[in-house]
Protein chains: 4
Amino acid sequence: MIVIMKPTAGKAETEAVIEHIEAHGLKVHLSEGEMVTIIGVVGDKSKLDFQNLSIFEGVDRTMPVTESFKLANKKFKAEPTAIDVSGVKVGGGTFVVMAGPCAVESKKQLLDSAWAAKNSGAQMLRGGAYKPRTSPYSFQGLEEEGLQYMAEARTETGLKIVSEVTSLHAVEVAAKYVDILQIGARNMQNYELLKYCGRTKIPVLLKRGLSATVEEWLNAAEYIMSEGNENVILCERGIRTYETSTRNTLDISAIPVIKDKSHLPIIVDPSHASGVRRYVPALSLASLAAGADGLIIEVHPEPAKAVSDGPQSLNPAQFSRLMDSIRQMAPLVGKEVL
Amino acid sequence: MIVIMKPTAGKAETEAVIEHIEAHGLKVHLSEGEMVTIIGVVGDKSKLDFQNLSIFEGVDRTMPVTESFKLANKKFKAEPTAIDVSGVKVGGGTFVVMAGPCAVESKKQLLDSAWAAKNSGAQMLRGGAYKPRTSPYSFQGLEEEGLQYMAEARTETGLKIVSEVTSLHAVEVAAKYVDILQIGARNMQNYELLKYCGRTKIPVLLKRGLSATVEEWLNAAEYIMSEGNENVILCERGIRTYETSTRNTLDISAIPVIKDKSHLPIIVDPSHASGVRRYVPALSLASLAAGADGLIIEVHPEPAKAVSDGPQSLNPAQFSRLMDSIRQMAPLVGKEVL
Amino acid sequence: MIVIMKPTAGKAETEAVIEHIEAHGLKVHLSEGEMVTIIGVVGDKSKLDFQNLSIFEGVDRTMPVTESFKLANKKFKAEPTAIDVSGVKVGGGTFVVMAGPCAVESKKQLLDSAWAAKNSGAQMLRGGAYKPRTSPYSFQGLEEEGLQYMAEARTETGLKIVSEVTSLHAVEVAAKYVDILQIGARNMQNYELLKYCGRTKIPVLLKRGLSATVEEWLNAAEYIMSEGNENVILCERGIRTYETSTRNTLDISAIPVIKDKSHLPIIVDPSHASGVRRYVPALSLASLAAGADGLIIEVHPEPAKAVSDGPQSLNPAQFSRLMDSIRQMAPLVGKEVL
Amino acid sequence: MIVIMKPTAGKAETEAVIEHIEAHGLKVHLSEGEMVTIIGVVGDKSKLDFQNLSIFEGVDRTMPVTESFKLANKKFKAEPTAIDVSGVKVGGGTFVVMAGPCAVESKKQLLDSAWAAKNSGAQMLRGGAYKPRTSPYSFQGLEEEGLQYMAEARTETGLKIVSEVTSLHAVEVAAKYVDILQIGARNMQNYELLKYCGRTKIPVLLKRGLSATVEEWLNAAEYIMSEGNENVILCERGIRTYETSTRNTLDISAIPVIKDKSHLPIIVDPSHASGVRRYVPALSLASLAAGADGLIIEVHPEPAKAVSDGPQSLNPAQFSRLMDSIRQMAPLVGKEVL
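Residues numbered from 1 in each chain as written. Chains lettered and ligands numbered in written order. Predicted model: local features only at pLDDT ≥ 70, side-chain atom pairs only at ≥ 80, totals over all residues. Heavy atoms only, no water.

S.K.: Account for the pairing of strand β11 (residues 204–207) of chain B, with residues named and values stated.
M.R.: All names here are of chain B. Neither face of β11 is exposed, since V204 and L206 on one face and L205 and K207 on the opposite face are all buried. With 3 bridges joining them, strand β10 (residues 180–183) and β11 adopt parallel strand pairing. Paired with L181 across the two strands is V204, which belongs to β11. Regarding topology, helix α5 (residues 191–198) serves as the crossover connection from β10 to the parallel β11, and that connection is right-handed. Bridge count for β11 against strand β12 (residues 232–236) is 4 bridges, and the pairing is parallel. By the bridge assignment for β12, L206 is matched with L234. Taken together, β11, helix α6 (residues 214–225) and β12 form a β-α-β motif whose crossover is right-handed. (Buried < 20%, exposed > 50% of the residue type's maximum accessible area, 1.4 Å probe, protein only. Helix = DSSP H or I, 4+ residues; strand = E, 2+ residues; numbered from the N terminus. Pairing = 2+ DSSP bridges. Right-handed = clockwise from strand over helix to strand, strands pointing away.)

Spelled out as C-alpha cells, the structure:
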C-alpha cells in the first residue's frame, strides 16, 4: 500500500501517518521525492483499513495515480480560474446562464429565442449552426448563415454567443462571430480540433465525452491549454450508463470532483443530460447547489416545432420560472447571478 | 403490447402471429404502414408471455407499452405518499435527515454519533448491525447487540432508528427494535427478503440496486407493497458506471424521474454514492435542490478510526455545517426541515 | 509506481527489473515482504513507460491491488480444480453441457426437454423450480413439485440435475433432490444464502451478479468456500452495460481472466447473456474457444409456448446442431466432451 | 413511428396529436386498448421530428420502429459484402489477419514486425503513424515518415497496409500510401472525417466508438457510405463498462448482432479490447468461433521496449502459435484463411 502526501504536507503530518501505520504493527518505507513524500507500507495489510489513511491531514490519497494533465491541474494552480468572455466573467464566483435553441433554424426563431433568454436574465445565447447528427439523413445545420443570425441577435440583445464547431473549417468561420467556441461531446477526443481551438485565444466550452472519465476530460482540456489557450470552460452533459429513463445520466458528482482536481470553471447542460424538459428545472437547481459555475439550457419559442431536441427544450415561460428560482438560490451557495 | 413485423414479413407470417394472440383470448389492432406492419395487442396481458412472439417468423421485435408495477405507480395514485415513521413524516413536503455511523461498533461510539446527529438537527439515527460485506473476512457487524445499542440511543436522544436487514432472521430480530427496516443495494432483488418485509407493517427503506433500472427498483417496491406493506421509502445511493473518481455515480436524475413515475418518497445517500466525504455536502444540497424528501448520511465521531467507510463519513462539525445549509435552502424548494 | 513480483520470482528476475528501472535514470526502493518482493520507483516517471514492466519475467503487476479472496485464488492453488458432480467431472479438461428449460412448467414439458438434452449429448438437465422474477405478478415457479419432476427426469435419462435456490428454505428442499445448487445473478451478494450453501457439500453453480466485478464474484465464491464447501463452479451470464441489442453483454474476457486469477472452473450461459436464441450458437462456440469448461443453455421443446424466456430458448433441432459443432471444436482447444 | 398515450389522456389530447401528424402530410392508425391508446404513424418520417410529439399533453412516449441506417442495413441487401483490399478479400468467407505494432517507431522496428507478421501468415500490416493519445505529452507518431516505412514494408513483404487517420490532412497524406484507412474509436462520430473518407474509394476500417451502440456504429458507417464509398469494414474493439480487469470489455455478441443487422464485414481487435496480451489468444479464437471475418492484432518484435501498448502486444513466437490455432479452427466455422 502506498500513501501519497500533499505537496504542502509538513513533517508533523507525515509522521502522524507513519505513527498510525506503525501502531498497527506495520513497517514503512519512506520515499521523499522532489514534489511529494510517499510512504510505502510493509507487512500484513489486513491489520489496518488503509483507506482510512486517506482522511489524515496532509494525505492526498492512498493509491498511485500519476495524473497526466498539468496546466488544468489544481495542484499547480490552486486559485479558481475566472474566464473573461467579452466582459462576462465565467468562474470565480459568478453563475452564468447560456440559453437558446438546439439548432439555429431561422432568423425569426433565433431572435425570439434570444429575447426569451434575455428577458429572463440569461447572459449568453446558445444555438447550433454546425450540427453533429447521429444519422447523415438528419438536418445538419445552417452553418455560416446560422452564425450570422447569432451575431445579429447579439447586436440586438447584447447577449454573448456560443456555438459548436465540428471541424477546422468551422473553427475558422466561427472565429469571426462567436464569443465562445463549443466543442461537443462527440469531439472531445478529436485532438486536431482541440489543438486548433487551442491556437485561437477564444474561450472554449469543452463538453465531456459520452463516456469520458474525468481524467480523460481534463486531458482534453490540456490539449487546448498546451497550445496556448487557457480559456477553457468545462461542461458536464451526462454520461452513458445502462439507465434509460433519461437520455444520459447527469454525473452531478463531477462538479465537486472537478472543483477538487482542477481550477477550471464547470457548467452543466441539463437539457442534453436528461433529454426530457420536465426534469430540467430540478437538474438545474441541483447543479447550482452542487457548486457549478453556470448552465447551458435549451430554450425554444415553440418546442413542439423545433427541428431537433424539442422534447428537452423549455418554453420561455418555463425558463423564466427557472431563472427566478436560480436567482433565489444562488446567494445561498455563494454565487452571483450577473 | 406491440409486435413490429419485419419489412420482409408476408401476410401468412402476420396472420400466424395474430392467430396465436387471439388463441389466448386477446384482441389485435392491425396497423399496416408503407414499411412495416404493427400489431397492437389489447386485453389482459397476463394470459400470454408476449416476449415469446419475438421468435415467430417475420417478427422484428415486441415492445411493452405499460409498466409492470401498479401499487407504486403514480398513474394509479397521483398524490405523493407521506409515510409515518413513529410520528415523523417522510414524504409529502418534509425533509428528513438520517445520520449515524456505517456500522455500530460499540455503545460509546454509537451514543457519541447519536448525540452528534441529534444536536445538529437529524431526526433519525442510522447504524448497521447486520453488515453485508464483499469479503467474508471483513467485520460482519454486532447483530442483535448492535440493535440494542440503537434502541438505547433512541431512548436517550429521541431519534428514530433505521438499520439494515440481510436475512429473514435479521428481520425477525430487527422488527423488535427499529423504526425503519433498511434493505440494502445488494438485496434489492432478494425477493424472499422483500416479501418478508412486506408482511410486517414496519416502514421499509429500499435502496436501489447497484445497477438496477428505475423500473426494476419500482418493481422491487411492488414486491413489498403487494404483500400488504405500502410504507416504502426509496433510497438512491449511486449506480455502477465506468467512472471511478467516485465510488458510484449518484443518479441525481432519479429524483425527478421517481417523482414523475411514482408517489413514493425518495431520499438520497450521498455517502455511499460518492465514497468521498469532501463531496458529501455538495451532493446533499444537490439532492435537496432536485426535490428529494431526505438524506441518509454517514456521520462518525472519529472517522479515521471507523471500522468501515471512514473515508466517506462526516465528522460532527462537518455535519453540523451541512445541516445549517440544508435549513437555509429547504424553504426555497418547498420543503420543511422537521 | 510500484512493481509487485510473483511469489515464485527469483533474485535474477527482480534484479532485471531494477536494472531496467535504473537504466532510465530512476531509483528504486526495495521492500522484501514475507510473500512477495515489491519495488518502489523514485524519480521522474515520465522517463519510463512503467506499464511495460508488467511483461518482465517474474513481475506480477504494476499496481497495488490487495485481493481479498484466498481460497478461490490461483496464487495459493495453482492447479485447476475439477469438481465431481455425482460422477461427472466439471473443470480440469472436460466440457460439460447443461441444457433444459428456463422454468419447469409440467412433467411432460420437462421430460420432453430432458430427452432432447440427453439425445443431443448434454450431461446435465437445468430447470427452474424457484423463479426469481422482476415483477411479483409473474409466474414464480412450481417449487418442490418442480424438483420432483427434475428427479424423475434424472431417473429416466441419467442426466444430473441443476436448479436455482432463492432462499434458505429452497436450499433445504433442493438439497434433497439436486446434483448442483444454482445461485442466480440477483443473489450473488445474498451472503446468508451463500453461507448456507457453503454449509452443504453439494456443488454450487455461482452466477456472476448483473454488474459484479470479477473480484466481487470471486469474493462471493469465497463466502461459500470459507464455510467448508470448495465445490464452486463459476458461471458468466452477461453483465449490464449501455448496449441494448442484447439483453446483457456477455463478458467473454471473463473466461481468460478467471483462468488467470482462480483455479475454479467457469462455464457460460449464452441464453441469459444474449436473450436472443439466434445469437446463442455463436456465443456458445466463442465460449468454448475462449477456454470455458462448459455451458448452461436454455432448450425447450416448444419455445413459443414457454412460460418464461421463450425467445432465448433453442428448440431440440437447433440444440442438436450446436452440440455437433461443439464436439468438432472441443479437441482443438484441449477439451473433452463427455 | 408509434406514439403511446397516457392512460389518463382524453380524446382531445389524442386528437391534438393526430392533427399535428396529419398537418405534416402523414397518416395515422389508431389503436385504442383497454389501458392505453396507441397512434401509429405512416409515411415519410423525415417530414416530422417525431420526438417532439413527446411534449404534447397526454403523450407517454414515442418509439421509432425503423432503423435510421439504410445502405449498411441487411434488410435492403441480404448478401454479405466482400471488400477487395488491393486483391485481398475481406468478408464473404475469408478470415483475414492484420498484425503489427501499435505505433511505427522506426524503420527497423517496423520491418521486423512486418516479417514476423508475414512469416506467421498475416495478410496485412498494421502500424500507427498518426497517434491519437489521451495526453498531449505522449508520443504522437512519426506521421508521413511512418507511412513511408509502412509502404517500404509492403514492398518488401507483400503485406497490405492499414493505418489510422485522425484528421482531413492525415487522410490526404495516407491516401497516397495505405490500402485501408483506419478510423479510430475516438473519431467514430467525427462526421467531417467520416465524410472525407467517404469521398475516397479506399476501404475504411471503422472502429466502434468507446461507448457506441451498434445502431450508432452502423450510422457512422452510413456517413461513409452515403458519400459514395461502400467499402466499410467494421471493427469491434471493446466497449467501456464498469469492469476493470480488462481495459475494455470485448462485446463478442456484436459479431452475431452485426451479422444479423448488416451485410458489412466485421473484424475484432482483441489487443485494445483486453489491454493484456495473455488474454489475446483466447479472445482471438473466440472471435473466430463467433463468426468474425478477421482480426487486427498488435505484434511487436520486443514488446517490453514498445513506446505504446507494450503490455498488450504479442511477441513473434506468441503470434505464430496463435496463427497455427486459427488455421486449425477456421474450417470448422466455414472460414478460409488466405
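S.K.: A description of the domain arrangement of chain A should follow, citing residues and the corresponding values.
M.R.: Along its sequence, chain A is organised into domain 1 (2–63) and domain 2 (83–337). A separation of 42 Å is found between the C-alpha centroids of domain 1 of chain A and domain 2 of chain A. (Domains from an automatic or database assignment.)

S.K.: Describe unusual backbone geometry, with residues and values.
M.R.: The phi angle at E143 of chain B is positive, at roughly 55°, despite the residue not being glycine. Relative to the elements of secondary structure, E143 of chain B occurs in the loop between β8 (124–126) and α3 (144–157). The backbone of S86 of chain C shows a phi angle near 50°, a positive value even though the residue is not glycine. Relative to the helices and strands, S86 of chain C is located in the loop between β5 (83–85) and β6 (88–90). A relative accessible area of 43% means that S86 of chain C is categorised as partly exposed.

S.K.: Lay out the pattern of salt bridges with the relevant residues and their values.
M.R.: Pairs may arise between side chains of opposite charge once their charged atoms sit close together. Considering all chains together, one arrives at 71 salt bridges over all chains under this definition. Here D251 of chain D and R208 of chain D are joined by a salt bridge, their closest N and O atoms 2.9 Å apart. Of this pair, D251 of chain D sits in the loop between β12 (232–236) and α7 (254–261) while R208 of chain D sits in the loop between β11 (204–207) and α6 (214–225), and the two are 43 residues apart along the sequence. You can call D251 of chain D buried: its relative accessible area is 1%. Accessibility expressed as a relative area gives 0% for R208 of chain D, which makes it buried. The network of salt bridges with shared partners includes R208, E236 and D251 of chain A together with E243 of chain B. (Salt bridge = Lys/Arg side-chain N within 4 Å of Asp/Glu carboxyl O.)

S.K.: How would you summarise the pairing of strand β12 (residues 232–236) of chain C if you had to cite specific residues and measurements?
M.R.: Residues and elements named next belong to chain C. With 5 of 5 residues buried, β12 is to be regarded as a mostly interior element. Burial along β12 is two-sided: V232, L234 and E236 and I233 and C235, pointing in opposite directions, are all buried. Where β12 lies against strand β13 (residues 266–268), 3 bridges are found, and the strand directions are parallel. Within β13, the residue paired with C235 across the bridge is I267. Between the parallel elements β12 and β13, the chain passes through helix α7 (residues 254–261) in a crossover that is right-handed.

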